[in-house]
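# Tertiary structure, described
Here is what each chain is made of, one letter per residue.
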Amino acid sequence: MKKFLSIALAVVMVLSVSVCAFADDALVSETTMFWSNGNWNDYTLDEITMPELIEALQTEGACLCVTRDTETHISFADGGYEKFNILDSWWSGTVESTGYQWVVLGTAGHTDADEPDSGIIDCVYDDGVTVMWDGATVAQALIDGGFNSEGGVTMIINSSDDGAYKVSSVSVVISEYATSTSSAEEETTEETSEETTEEAEDASDATEETTETTESSSSSSSSSSPDTGVALALVPMAIAGIAVVSSKRR
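First, a word on scope: everything that follows refers to the structure included in this document. (Residues numbered from 1 in each chain as written. Predicted model: local features only at pLDDT ≥ 70, side-chain atom pairs only at ≥ 80, totals over all residues. Heavy atoms only, no water.)

### Observations concerning the overall build of the protein
Check the secondary structure of the protein and you find five helices and nine strands. Reading the protein from its N end, one meets helices and strands in the order α-β-β-α-β-β-β-β-β-α-β-β-α-α. Counting the 250 residues in the protein, one finds 34% classified as buried. Counting only contacts in the protein whose residues sit at least 6 apart along the sequence, the fraction spanning at least 24 positions is 77%. When the accessible surface of the protein is summed, it comes to about 14800 Å², and 53% of that surface belongs to carbon and sulfur atoms. (Helix = DSSP H or I, 4+ residues; strand = E, 2+ residues; numbered from the N terminus. Buried < 20%, exposed > 50% of the residue type's maximum accessible area, 1.4 Å probe, protein only. Contact = heavy atoms within 4.5 Å. Areas by Shrake-Rupley, 256 points an atom, 1.4 Å probe, with all protein chains shown as cover.)

### Considerations on the layout of surface pockets
Taken as a whole, the largest pocket spans an internal volume of roughly 200 Å³. Lining the largest pocket we find 16 residues, and of these Val-95, Glu-96, Ser-97, Ala-141 and Asp-144 sit closest to its centre. Residue assignment for the lining of the largest pocket shows that the elements contributing at least two residues are strand 5 (103-105) and helix 3 (135-144). If you tally residues by element for the lining of the largest pocket, the top one is helix 3, at three residues. (1 Å grid on protein atoms, 1.4 Å probe; cavity = no way out; pocket = protein on both sides within 12 Å on 5 of 7 lines; lining within 4 Å. Points joined across faces, edges and corners; volume = space filled by probe spheres on them.)

### Section: the environment of Ser-175
Within the secondary structure layout, Ser-175 lies in the loop between strand 9 (165-174) and helix 4 (183-224). Of the residues examined, Ser-175 reaches a relative accessible area of 8% and is grouped as buried. Sequence separation between Ser-175 and Asp-134 is 41 residues, and the spatial gap between their C-alpha atoms is 9.1 Å. Not counting the four nearest positions on each side in its chain, Ser-175 is found in contact with Gly-61, Cys-63 and Met-132.

### Brief notes about the packing of helix 2 (residues 50-57) against helix 3
Packing of helix 2 against helix 3 leaves a shortest axis separation of 8 Å and a crossing angle of 140°. With respect to their mutual orientation, helix 2 and helix 3 come out oblique. Taken as a pair, helix 2 and helix 3 cross one another with a handedness that is left-handed. Here Met-50, Leu-53, Ile-54 and Leu-57 of helix 2 lie close against helix 3, whose contacting residues are Gly-135, Ala-136, Val-138, Ala-139, Leu-142 and Ile-143. Partitioning the contact of helix 2 with helix 3 into residue classes produces nine nonpolar, one polar and no charged. (Axes fitted to C-alpha atoms, helices over the stretch in contact; angles between N-to-C directions. Parallel < 35°, antiparallel > 145°, perpendicular 65-115°, else oblique. Left-handed = near helix turned anticlockwise from the far one by under 90°. Nonpolar A, V, L, I, M, F, W, Y, C, P; charged D, E, K, R; others polar.)

### Quick look at the sheet that holds strand 5
Strands sit in the order 2-8-4-5 across an open sheet of four strands; the sheet is antiparallel. The sheet is open, and its two borders are formed by strand 2 (41-49) and strand 5, each paired with just one other strand. With direction set aside, neighbouring strand axes in the sheet form an average angle of 25°. Sheet topology note: the strand 2/strand 8 (residues 152-159) ladder contains five bridges and is antiparallel. Residue Asn-41 lies in a different strand from strand 8, and its bridge partner there is Ile-157. Sitting on the sheet, helix 2 is in contact with strand 2, strand 4 (82-88) and strand 8, with an inclination near 80° to strand 2. (Pairing = 2+ DSSP bridges.)

### Here's the deal with the environment of Asp-46
Tracing the sequence through the fold places Asp-46 in strand 2. Overall, the relative accessible area of 64% leaves Asp-46 in the exposed class. Considering only alpha carbons, one finds Asp-46 and Glu-30, 16 residues apart in sequence, at a separation of 7.9 Å. One polar contact links Asp-46 to Tyr-43, side chain to side chain, over a distance of 3.4 Å. (Polar contact = N/O pair within 3.5 Å; in protein donor to acceptor, adjacent residues only side chain to side chain.)

### A word on the side chain of Glu-30
Among the secondary structure elements, Glu-30 is positioned in strand 1 (residues 26-36). It turns out Glu-30 is buried and unbridged, and the closest side chain with the opposite charge, Lys-166, is 15 Å from it. In this structure the side chain of Glu-30 is engaged in a polar contact, spanning 2.8 Å, whose partner is the backbone nitrogen of Asp-46. Of note is the side chain of Glu-30, whose polar atom sits 2.6 Å from the backbone nitrogen of Glu-47. The contacts of Glu-30, once residues within four sequence positions are left out, are Tyr-43, Leu-45, Asp-46, Glu-47, Ile-48, Ser-168, Ser-169 and Val-170. (Lys, Arg positive; Asp, Glu negative; His and termini not counted. Salt bridge = Lys/Arg side-chain N within 4 Å of Asp/Glu carboxyl O.)

In C-alpha cells:
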C-alpha cells in the first residue's frame, strides 16, 4: 500500500510540472503538447482565438505563460538559442521594425540584448519550466503588427536541438511578474498630484491674502476709533472701583 501511494505521489508531482504554477488565476488556458524538436516547430491552438488572447493579455496584471514539460536552460551565450514566436493563424500581420510575420518572445537564456535587431520581447520570468512575458507588452505588439485578426493563435518554438522538450500548456494568468501599469492610472496619478499642488498653492495664497486683509482691517479699526478702545479699557477699572466701594460699605 505504501509503495502504491509513493508511486501515485510521484506521478502527481510529475504532472504538476506541466501546469502553469499560476493556473488558479488563468484568464484563458489550453493544455497542449507540441515538440521543440530543433530549429522550428509551429502549432495552432484549438481553444483560444486571437481576439480572446489579446483581451486577456490587456487585463491589468496579466502575463502570457508557457510551460515546458522538461526543465530547460538553453543559453545564447553558449551557442544555443531558444525563442517563441506568436502570430495569428492567418499569418496576416507584420512587425514593421523587423519585417517578421510574427512577434518574437525571448527566454532567460535568449534576450533582446543577444539579438538587438530581432525585436525580442524579453521574458519577465523563466525558471526553466515556466516562462512568462508581460501581457500588455505582448498585446500591444500583436495589435501594432496587425495580428489581431479573427483567426486562431499560432505558437512557434524556435530553438536549437540541444534541448528538445514539449510545450504542455499556453495560458494568460494574473501574476506579480507583470511589469506594465495602466497608462491611464499613471496619468490620473500625475494629474491628481498636480491638482493637489495647485490647490495647496491657491490655499496658501488665499491664507496670505486673508491675513493681510485682517491686519489691514485691524489697523484701520484701531486708527479710526482710538477713543472707543480707551473707553473699553477703562471698564474693568470702573467695575473694580465699584466693587471696592461696595465692600467698604458692608
